[in-house]
Amino acid sequence: MLIWGGASFALLLLSAVVSLSLGSARLPLADVWGILLSRLPGLSHAIQPRWPDASEQIILKIRLPRIVLAILAGACLSLAGAGFQGVLRNPLADPYTLGVASGSAVGAAFLILTGLSFGALYAQWTIPIVAFATGLLSLALVLRLARVQGRIRMETLLLAGVVLQAFLGSMVSFMVSMSDKVINEIVFWMLGSLALRGWSFSAVLAPYLAIGLVVLLGYARSLNLFALGERQAAHLGIRVERTKLTVLVVSTFMTAAAVSIVGIIGFVGLVVPHLVRLLAGPDYRLLLPLSALLGGAYMLWADTLARTLLSPTEIPIGVVTAFLGAPFFAYLLRRNKHGARG
Amino acid sequence: MIEVQGVEKNYGSAKVLSDVGFQVNEGAFFGILGPNGSGKSTLLKLISGIEKADAGEVRLGDAGDGSGRAGRLVGEYSRKELAKWLAVLEQEALPPVGFTVREVVEMGRFPFQNWLGEEAEDAGRQIDTILAKLGLQSLEERTIDQLSGGEKQRVALAKAMAQRPRLLLLDEPTTYLDIGRQIQLMDRIREWQREAKLTVVAVLHDLNLAALYCDRLLLLNRGRIVGVGSPQEILTAERISEIYGIEPLVTRHPALGVPQVLLQPHAEERGSGER
């Protein structure tokens, strides 16, 4: 537990530092470290600032907030994916494949485009809540669609997700086309982007992540029993319906928060928990915290690639994660057809 | 221990159980028999509280005042209370998960743990004893997806034992096992039953297996009780022929004296076979 946690945390920190030094403006490594260390309490006097002011601006106002936001969003989406997979007992469930991300995007896009709360001081706070509502609605719809004779099979769930995604996606596109706002910016949001998000966005996302993490960790042992099947979980003393509802709602809650801030970023919640499972086993007490840490690292790398690969042009991060995630999804699908379900 | 009265259960417009009533005494090995679709498994689900009866009542336990009266309605227990009290062994023992044998057996302690997964007693020793008893020590660190069907069923039994229930419900647990493993599993359950004064209610397909292990049988057909009694009383050629539509020979087991059912092809097929 400690070894895995420590290793993941170290990896996350290392990734953050490396990512911090990469970017279109080349900054010497020494300056990056100097700027960072000078901000640590107690060290601020020991280090003489020998770097240009612009460097400090780039590090503290542009790169650092972006990195923190990537980590938070990655953690949210990975945790949500782990939660969905746990209660639906479906390794292919994630915020994106279930259509929850698209559902949340509809709500968020509506507010952003109609400007109902745009520009207002608390727009940042209202958008996630509306996105949460539409996300929940679409989750309910997908589960309803996927239920055949009281059972939710993996194939029907995926189909229902695809159908809903297509429908909701067209709604968002429609809203975008009716809007007179700068199309480019909105399309970028839809494809997922972490560009030009200051510290305040992280401040919005952090409480969602904290609440979600705590609640899910509280259900970690229940999720372990869920792996044996709903009936067996019930026989072992779990209130199945209540656990399911709570975990689904909390996972949607985190998805909505992430989507409303960074847009639709697919497959993170699919890839990360699965890799963690391969590395550290199926125990949710370990799987959840590791998914959060490594989800942060994964998203951070995806974003770093997105902003550096074709620098100074940025690739939308959703494009990067889909490029990595979709083949992975195909691999999982094939493996699941041959091997075990659940 | 169990008191079922006037129970009725419908799925949509289909009547699955009607007017079912019986009692199971503490320490009994009680078998529920019947053809496919007779409502056996539904009856078990009502007893384990997974489903609710549309009419009638199921009471579990005893009143606790020594009067011998039946206990509370099953719906009045919380899931966790029930789990401390009754365990269920199912047809398909365990899905192929990545948990180790030991971890799965420990899951049987879930209802006794607080939210941190801690327990007042030392559960580790109990688990060791159970694993040793079922010969699972050498598999302890293997994951479930690497086990054979028989091994999985043994792990499921170990998990049920870890719950230390007073009532064990079996839902055709021998279905996917070969005859050797069937007898092995049933022997282990009976041994446990005698040691722990456990009450066992078993839904079984195999009439002969039921006659060998159960001291009382309940025969269901189309959701109604056809009879409750000892294997001798229940397993008669006429009853079996009436319910299953076959013409069996019922004999006495030469060593144990319990009835055993011999199957034979239909008379006309026998006739045609002679030609």
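Residues numbered from 1 in each chain as written. Chains lettered and ligands numbered in written order. Predicted model: local features only at pLDDT ≥ 70, side-chain atom pairs only at ≥ 80, totals over all residues. Heavy atoms only, no water.

Quick look at the overall build of chain B
When helices and strands are tallied, chain B shows 10 helices and 12 strands. A compact globule built from 275 residues would reach a C-alpha radius of gyration of about 19 Å, and chain B, at 20 Å, matches this within 12%. On the principal axes, the C-alpha backbone points of chain B span a range of 70 × 45 × 40 Å. For chain B, with 275 residues in total, the buried portion stands at 49%. Within chain B, contacts between residues at least 6 apart in sequence are counted, and of these 65% link residues at least 24 apart. Summed over all atoms, the accessible surface of chain B reaches about 13100 Å², with 46% contributed by carbon and sulfur. Both charge centroids of chain B, one from 33 positive and one from 39 negative side chains, sit 2 Å from each other. (Helix = DSSP H or I, 4+ residues; strand = E, 2+ residues; numbered from the N terminus. Rg over C-alpha atoms; globule rule 2.2 N^0.38 Å. Buried < 20%, exposed > 50% of the residue type's maximum accessible area, 1.4 Å probe, protein only. Contact = heavy atoms within 4.5 Å. Areas by Shrake-Rupley, 256 points an atom, 1.4 Å probe, with all protein chains shown as cover. Lys, Arg positive; Asp, Glu negative; His and termini not counted. Charge placed at Lys NZ, Arg CZ, Asp CG, Glu CD.)

A few points about the packing of aromatic side chains
Tallied over the full model, the rule gives 7 aromatic pairs over all chains. In textbook terms, an aromatic cluster arises when at least three aromatic residues are bridged by ring pairs, as seen for Tyr 96, Phe 267 and Phe 329 of chain A. Of note, Arg 72 of chain B hangs over the ring of Tyr 77 of chain B, and the distance from its end group to the ring centre comes to 4.3 Å. (Phe/Tyr/Trp six-rings, centres within 6.5 Å; stacked < 30°, edge-to-face > 60°. Lys NZ or Arg CZ within 6 Å of the ring centre and 35° of its normal.)

Remarks on the interface of chain A and chain B
Counting from both sides, the interface comprises 19 residues of chain A and, opposite them, 28 residues of chain B. In total, chain A and chain B occlude about 2100 Å² of area from one another, counting both sides; carbon and sulfur atoms represent 62% of this. When the buried area of chain A at its contact with chain B is split by residue, Arg 221, His 235 and Leu 236 of chain A rank highest and sum to 35% of it. For the pair chain A and chain B, the interface holds 1 salt bridge. Glu 90 of chain B is the partner of Arg 231 of chain A in a salt bridge, and the nearest nitrogen-oxygen pair spans 3.3 Å. Where chain A meets chain B, there are 6 residue pairs in polar contact (both at pLDDT 80 or more). Broken down by secondary-structure element, the contributors of at least two residues to the side of chain A that touches chain B are helix H9 (220-226) and helix H10 (230-235) of chain A. Residues of the side of chain A that touches chain B, tallied by class, amount to 8 nonpolar, 5 polar and 6 charged. (Buried area = accessible area lost by both parts, 1.4 Å probe. Salt bridge = Lys/Arg side-chain N within 4 Å of Asp/Glu carboxyl O. Polar contact = N/O pair within 3.5 Å; in protein donor to acceptor, adjacent residues only side chain to side chain. Nonpolar A, V, L, I, M, F, W, Y, C, P; charged D, E, K, R; others polar.)

Let's talk about helix H8 (residues 199-218) of chain A
Side chains three or four residues apart in an α-helix point the same way, a direct result of the helix having 3.6 residues per turn. In this model H8 of chain A runs 29 Å from its N-terminal to its C-terminal C-alpha over 20 residues, within 8% of the 28 Å that 1.5 Å per residue would give. Those residues of H8 of chain A not exposed but buried are Ser 202, Val 204, Leu 205, Tyr 208, Leu 209, Gly 212 and Leu 216 of chain A. (Expected span 1.5 Å × (residues − 1).)

Describing the nonpolar core
Core analysis: the biggest nonpolar cluster contains 163 residues, and Leu 98 of chain A together with Val 155, Leu 168 and Ile 189 of chain B have the highest contact counts within it. Of the residues that make up this core, three or more belong to each of domain 1 (2-235) and domain 2 (236-275) of chain B. Counting 30 residues, the second-largest nonpolar core is a separate cluster that includes Met 1, Leu 17, Leu 44 and Leu 169 of chain B. (Core = buried A, V, L, I, M, F, W, Y, C linked by side-chain atoms within 4.5 Å. Domains from an automatic or database assignment.)

A word on the sheet that holds strand S3 (residues 29-33) of chain B
All names here are of chain B. Pairing is mixed in the open sheet, where 6 strands are placed in the order S6-S7-S8-S3-S9-S10. The sheet is open, and its two edges are formed by strand S6 (86-89) and strand S10 (224-229), each paired on a single side. Geometrically, the sheet is characterised by an average inter-axis angle of 15° between neighbouring strands, direction not taken into account. Pairing of S3 with strand S9 (residues 216-221), which is carried by 4 bridges, proceeds in the parallel orientation. Across the sheet, the residue bridging to Ile 32 is Leu 218, located in S9. (Pairing = 2+ DSSP bridges. Axes fitted to C-alpha atoms, helices over the stretch in contact; angles between N-to-C directions.)

Comments concerning the confidence of the model for chain B
The pLDDT averaged across chain B works out to 89; a share of 94% of its residues lies at or above 70. Model confidence for the complex: the whole-complex pTM is 0.88, and ipTM, which rates the interface, is 0.87. (pLDDT = per-residue confidence, 0-100.)

So, unusual backbone geometry
Residues and elements named next belong to chain B. A positive phi angle is found at Asp 19, which is not glycine, with a value near 50°. At Arg 164, a residue that is not glycine, the phi angle is positive and equals roughly 45°. Locating Arg 164 in the fold gives a position in the loop between helix H5 (149-162) and strand S7 (167-171). Note on Arg 164: relative accessible area 44%, which makes it partly exposed.

Concerning a nonpolar patch on the surface
A contiguous nonpolar patch, built from Leu 14, Val 18, Leu 22 and Trp 301 of chain A and spanning about 340 Å² of accessible area, is present on the exposed surface. With respect to the helices, strands and loops of the structure, Val 18 of chain A is situated in helix H1 (residues 2-21). (Patch = residues over 30% accessible without salt bridge, like charges linked within 9 Å, V, L, I, M, F, W, Y side chains within 5 Å.)

Here's the deal with the side chain of Ser 18 of chain B
Relative to the helices and strands, Ser 18 of chain B resides in strand S2 (residues 14-24). Those residues in contact with Ser 18 of chain B that sit more than four places away from it in its chain are Val 7, Glu 8, Gly 223 and Arg 224 of chain B.

Notes on the environment of Leu 88 of chain A
Tracing the chain through its elements places Leu 88 of chain A in helix H3 (residues 53-88). Once residues lying within four places of it in the same chain are set aside, the contact partners of Leu 88 of chain A are Ala 93, Leu 98, Leu 143, Leu 157 and Leu 248 of chain A.

Some details on the pattern of salt bridges
Under the defined criterion, the tally for this structure stands at 15 salt bridges over all chains. A salt bridge links Arg 285 of chain A to Asp 283 of chain A; the nearest nitrogen and oxygen atoms lie 2.9 Å apart. Classification of Arg 285 of chain A as partly exposed rests on a relative accessible area of 41%. In this structure, Arg 102 of chain B and Glu 106 of chain B form a salt bridge, with 3.6 Å as the shortest nitrogen-oxygen distance. Remark: Glu 106 of chain B and Arg 102 of chain B occur in helix H3 (residues 101-107); sequence separation between them is 4 residues, near one turn of the helix. Through salt bridges with shared partners, one network takes in Arg 102, Glu 106, Asp 128 and Glu 140 of chain B.

As for the side chain of Ser 291 of chain A
As for its position among the elements, Ser 291 of chain A is in helix H13 (residues 284-308). Take Ser 291 of chain A: its relative accessible area is 0%, and that puts it in the buried class.

So, helix H6 (residues 154-178) of chain A
Its 25 residues give H6 of chain A an end-to-end C-alpha distance of 36 Å, which sits within 8% of 36 Å, the value for a rise of 1.5 Å per residue. Regarding H6 of chain A, the residues found buried are Met 154, Leu 157, Leu 158, Ala 160, Gly 161, Leu 164, Gln 165, Leu 168, Val 172, Met 175 and Val 176 of chain A.

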